[in-house]
Amino acid sequence: SLLEVLDITSACIASFLVLFCLIEIGAGSALGVYATVTILSLLVLPQRLPALFFALFFGILPLTKMLFEKIGTRIGVILSYVLKLALFNGELVIFGIVAKELINIPDSALIIAAYAVLSNAMFVLVDILYGVLTRMYFGTFRKRISKFLK
């Protein structure tokens, strides 16, 4: 439904804060921002689904993307991407278990398979989006923003 799409979108947009902190301040601070936003969203939001999307997928994605891309220079880009997808699918299984308690998910194997395929496609697109946003930030916006960060 539209509300579920907006839940996913809001979690993705909130993760841009983690990406920005990772670029400007470093991994430690970005991890702190991720943990803080995760805890606050689980405590404050009336709907738990956007908080779960952020906690399990989008919030941690900038950090894991950086980690796997650094590893990718040593083990190869393809193996690095396979590891990213393996981690995502592990998170997807955890999400499926937790979400089954929160919302009514049908037990149909076809629906679960379609959900997994579409989720993996979404992951690849979001991973590409973060790469594009990072390049855009360094190429265009960092010069303009850096004067406010001093």
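Right above here is the structure, for reference.
The residue numbering used here restarts from 1 in each chain and proceeds along that chain's sequence as written. Totals for whole chains, interfaces and linings use every residue, but because this is a predicted model, local features are given only for residues with pLDDT of at least 70 and side-chain atom pairs only at 80 or more, for both listing and counting. Calculated side-chain values reflect all of the structure's heavy atoms, with hydrogen atoms and water omitted.

Enquirer: Can you break down the nonpolar core residue by residue, with the values?
Expert: The set of buried Ala, Val, Leu, Ile, Met, Phe, Trp, Tyr and Cys residues whose side-chain atoms join them within 4.5 Å is what this entry labels a nonpolar core. Relative accessibility decides the category of a residue: with a 1.4 Å probe and only protein chains considered, values under 20% of the type maximum give buried, values over 50% give exposed, and everything between is partly exposed. Membership of the largest hydrophobic core comes to 29 residues, with the highest contact counts inside it found for Phe57, Phe58 and Phe95. Contributing elements (two or more residues each) for this core: α1 (2–24), α2 (27–44), α3 (48–58), α4 (61–75), α5 (77–102) and α6 (109–146). For this analysis, residues touch if any pair of their heavy atoms sits within 4.5 Å. For Phe57, the residues in contact, after removing those within four places along its chain, are Leu52, Phe88, Glu91, Leu92 and Phe95. Helical segments are the DSSP runs of H or I of at least four residues, strand segments are the runs of E of at least two, and each set is numbered from the N terminus.

Enquirer: Outline α4, listing residues and values.
Expert: Take the number of residues in a helix, subtract one, and multiply by 1.5 Å to get its expected span. The terminal C-alpha atoms of α4, which comprises 15 residues, lie 20 Å apart, in line with the 21 Å expected from a rise of 1.5 Å per residue. Taken residue by residue, α4 has Leu61, Pro62, Leu63, Thr64, Lys65, Phe68 and Gly72 as its buried positions. Just downstream of α4 lies Gly76, where phi reads positive at about 105°.

Enquirer: Residue-level account of the layout of surface pockets, with values.
Expert: Roughly 220 Å³ of volume is contained in the second largest pocket. A pocket, in this scheme, is an open set of points on a 1 Å grid over the protein atoms alone with protein on both sides within 12 Å along at least 5 of 7 lines, while a cavity is a set where a 1.4 Å probe fits but cannot get out; residues line either one if an atom lies within 4 Å of a point. Lining the second largest pocket, in full, are Leu19, Leu22, Ile23, Pro62, Lys65, Met66, Glu69, Lys70, Gly131, Thr134, Arg135 and Phe138. Only α1, α4 and α6 provide two or more residues apiece to the lining of the second largest pocket. It is α4 that contributes the most residues to the lining of the second largest pocket, five residues altogether. In this classification, Asp, Glu, Lys and Arg are treated as charged, Ala, Val, Leu, Ile, Met, Phe, Trp, Tyr, Cys and Pro as nonpolar, and every other residue, Gly included, as polar. Class assignment for the residues of the lining of the second largest pocket results in six nonpolar, two polar and four charged. Grid points are joined across faces, edges and corners, and a volume is the space filled by probe spheres set on the points.

Enquirer: Requested: an account of the packing of aromatic side chains, with residues and values cited.
Expert: Pairing of aromatic rings covers Phe, Tyr and Trp, the last through its six-membered ring, and needs centres within 6.5 Å; plane angles under 30 degrees mean stacked, over 60 mean edge-to-face, and all others mean tilted. As enumerated under the stated definition, the model contains nine aromatic pairs in all. Taking the centre distance of 5.7 Å and the plane angle of 90° together, the rings of Phe20 and Tyr137 count as edge-to-face. With a gap of 117 residues between them, Phe20 in helix α1 and Tyr137 in helix α6 connect regions that are remote in the sequence. Judged by relative accessible area, which is 8%, Tyr137 ranks as buried. Chaining the aromatic ring pairs together yields one cluster made of Phe53, Phe57, Phe88, Phe95 and Phe123.

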